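# Reading the structure
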Amino acid sequence: MKRILAVILIFAISFSLFADPIQFEYEPYEEDEFPLWTYELRRAESIFFGSLVITFPLSMAAYNIASNLGMSTPNEAYKQVLQQALWASGASLAIALTDWIIGRVSD
């Protein structure tokens, strides 16, 4: 098995050593190159993952407070983390959707 892997690696490296380098020339994006929904999706993605940094610790704190106040929680630690991640994802999704709705209303 190791010999086969070594032969494949040598074969791949030999092709990369003798191949011509690819020449790329920079071409700036045109204004109408991407549709508007891709910009909105990119903005929503940035807001979702950016707010996840804040919502995950907050959801962990809220989960711990709720479990101390009597909320039933699973015994397994991984299920607890999955529930906290679900809370955080839901909050981040709500933030991203709110931003999208505000953007639509303001236009």
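Residues numbered from 1 in each chain as written. Predicted model: local features only at pLDDT ≥ 70, side-chain atom pairs only at ≥ 80, totals over all residues. Heavy atoms only, no water.

## Here's the deal with the packing of helix α2 (residues 36-68) against helix α3 (residues 77-106)
Their axes nearest at 6 Å, the elements α2 and α3 cross at an angle of 140°. When the interaxial angle is binned, α2 and α3 end up oblique. The element α2 and its partner α3 pack so that their crossing is right-handed. Across the contact of α2 with α3, the residue classes break down as 17 nonpolar, 9 polar and 4 charged. (Axes fitted to C-alpha atoms, helices over the stretch in contact; angles between N-to-C directions. Helix = DSSP H or I, 4+ residues; strand = E, 2+ residues; numbered from the N terminus. Parallel < 35°, antiparallel > 145°, perpendicular 65-115°, else oblique. Left-handed = near helix turned anticlockwise from the far one by under 90°. Nonpolar A, V, L, I, M, F, W, Y, C, P; charged D, E, K, R; others polar.)

## Let's talk about the layout of surface pockets
Reported here for the largest pocket is a volume of approximately 160 Å³. Secondary structure elements with two or more residues in the lining of the largest pocket: α2 and α3. Along the lines of polarity and charge, the residues of the lining of the largest pocket split into 4 nonpolar, 1 polar and 5 charged. (1 Å grid on protein atoms, 1.4 Å probe; cavity = no way out; pocket = protein on both sides within 12 Å on 5 of 7 lines; lining within 4 Å. Points joined across faces, edges and corners; volume = space filled by probe spheres on them.)

## Here we look at the pattern of salt bridges
Per the counting criterion, the structure on display carries 4 salt bridges. Between Arg 42 and Glu 45 there is a salt bridge; the shortest N-O distance is 3.3 Å. Of this pair, Arg 42 and Glu 45 are both found in helix α2, 3 residues apart, which corresponds to roughly one turn of the helix. Relative accessible area serves as the criterion here: at 51%, Arg 42 is assigned to the exposed category. Residue classification places Glu 45 among the partly exposed positions, given a relative accessible area of 37%. Here Asp 99 makes a salt bridge to Arg 43, at a shortest N to O gap of 2.8 Å. Of this pair, Asp 99 sits in helix α3 while Arg 43 is found in helix α2, placing the two residues 56 residues apart along the sequence. (Salt bridge = Lys/Arg side-chain N within 4 Å of Asp/Glu carboxyl O. Buried < 20%, exposed > 50% of the residue type's maximum accessible area, 1.4 Å probe, protein only.)

## Observations regarding the side chain of Ser 59
Within the secondary structure, Ser 59 is located in helix α2. For Ser 59, the side chain forms a polar contact with the main-chain oxygen of Phe 56, separated by 2.8 Å. Those residues in contact with Ser 59 that lie beyond four places of it in its chain are Gln 84, Trp 87 and Ala 88. (Polar contact = N/O pair within 3.5 Å; in protein donor to acceptor, adjacent residues only side chain to side chain. Contact = heavy atoms within 4.5 Å.)

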